[in-house]
Amino acid sequence: MATNEGSEPANVCISKINVGQGEGYDKKCIFCKVVNNEMGTEILHVDEEVSCFRDIKPGAPHHYLVVPTRHVGNCKSLSKEHVSLVEKMVEIGMEILQKNNVLDLSDVRFGFHWPPFCSVSHLHLHVLAPASQMGFMSRLFYRPNSYWFVTADQLIQQLNSKGETN
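What you see is a predicted model; the values in this text were computed from it and never measured.

Feature annotation in UniProt places "active site" (unreviewed entry) on His124, given in this structure's numbering. Note on placement: His124 falls in the loop between strand E4 (109–113) and strand E5 (125–129). Owing to a relative accessible area of 8%, His124 belongs among the buried residues under this scheme. Each residue touching His124, except ones within four places of it in the same chain, is listed here: Phe31, Leu65, Val66, Val67, Met89, Gly111, Phe112 and Cys118. Engagement of the side chain of His124 in a polar contact is seen with the backbone oxygen of His122, the distance being 2.7 Å.

Another aspect to go through is the pairing of E5. Burial analysis of E5 places five of its five residues in the buried class, which makes it a mostly covered element. Of the two faces of E5, the one holding Leu125, Val127 and Ala129 and the one holding His126 and Leu128 are both buried throughout. Bridge count between strand E3 (residues 62–68) and E5: five bridges; the pairing is antiparallel. By the bridge assignment, Leu65 is partnered in E5 with His126. In terms of strand pairing, E4 meets E5 through three bridges, oriented antiparallel.

If you walk through the whole model with that rule in mind, you get one cavity of 30 Å³ or more. Its volume calculated, the largest cavity comes out at about 40 Å³. Around the largest cavity sit Asn74, Cys75, Phe112, His113, Cys118, Val120, His122, Leu123 and His124, which together line it.

Before going further, it helps to examine the nonpolar core. Counting 30 residues, the largest nonpolar core has Phe112, Leu125 and Leu155 as its most contacted members. Listing elements by their share of this core, those giving two or more residues are strand E2 (50–54), E3, helix H2 (83–99), E4, E5 and helix H4 (152–161). Top contributing element to this core by residue count: H2, with eight residues. Not counting chain neighbours up to four residues away, the residues in contact with Leu155 comprise Cys75, Leu78, Val86, Phe112, Trp114 and Val150. Counting residues in hydrophobic clusters, the runner-up holds twelve residues, among them Cys29, Ile43, Val46 and Val67.

Rules and cut-offs
Residues numbered from 1 in each chain as written. Predicted model: local features only at pLDDT ≥ 70, side-chain atom pairs only at ≥ 80, totals over all residues. Heavy atoms only, no water. UniProt positions renumbered as here; feature names shortened; annotations may be inferred. Helix = DSSP H or I, 4+ residues; strand = E, 2+ residues; numbered from the N terminus. Buried < 20%, exposed > 50% of the residue type's maximum accessible area, 1.4 Å probe, protein only. Contact = heavy atoms within 4.5 Å. Polar contact = N/O pair within 3.5 Å; in protein donor to acceptor, adjacent residues only side chain to side chain. Pairing = 2+ DSSP bridges. 1 Å grid on protein atoms, 1.4 Å probe; cavity = no way out; pocket = protein on both sides within 12 Å on 5 of 7 lines; lining within 4 Å. Points joined across faces, edges and corners; volume = space filled by probe spheres on them. Core = buried A, V, L, I, M, F, W, Y, C linked by side-chain atoms within 4.5 Å.

So, in structure tokens, the structure goes:
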């Protein structure tokens with residue numbers, strides 16, 4: 001697991017936005033359980049829109065997952081109305097990196113696995129840094145412009161083009 005030796009967890013604002021088991025909560029979804037503090041996972045950021053925690057199988061020294069606080073399906077289920085959510089996820093990912101002393105934002109990777117290549121059907125942004133320190137398998141698994149992984153910028157561009165006539 002990625003650790004931050006000598007540093008405090010970034011933005012632990014657990015005023016516990018408990019989604020509860022109503023709207024926006026999928027009782028079968030592991031990420032809904034994480035966000036709802038049912039798994040004992042350290043939450044690095046939580047607000048009404050998004051939450052962030054460390055990936056349990058890090059592909060880089062810093063590997064975080066930014067997820068909507070309320071259940072949202074995978075990136076294939078998104079529409080143009082979700083652009084602001086994806087942008088907020090990227091913004092929080094950058095904040096978490098900066099709070100964990102990752103200052104070279106040119107050596108990071110932000111992206112989503114494209115169905116059917118995602119293991120959890122709750123939308124989640126992978127935030128990896130430094131990308132230059134990713135191993136061979138991680139470079140393959142999180143490879144931009146592949147059939148299985150799209151960058152946040154690619155997803156935003158794709159969502160913005162939805163509904164346009166060609």
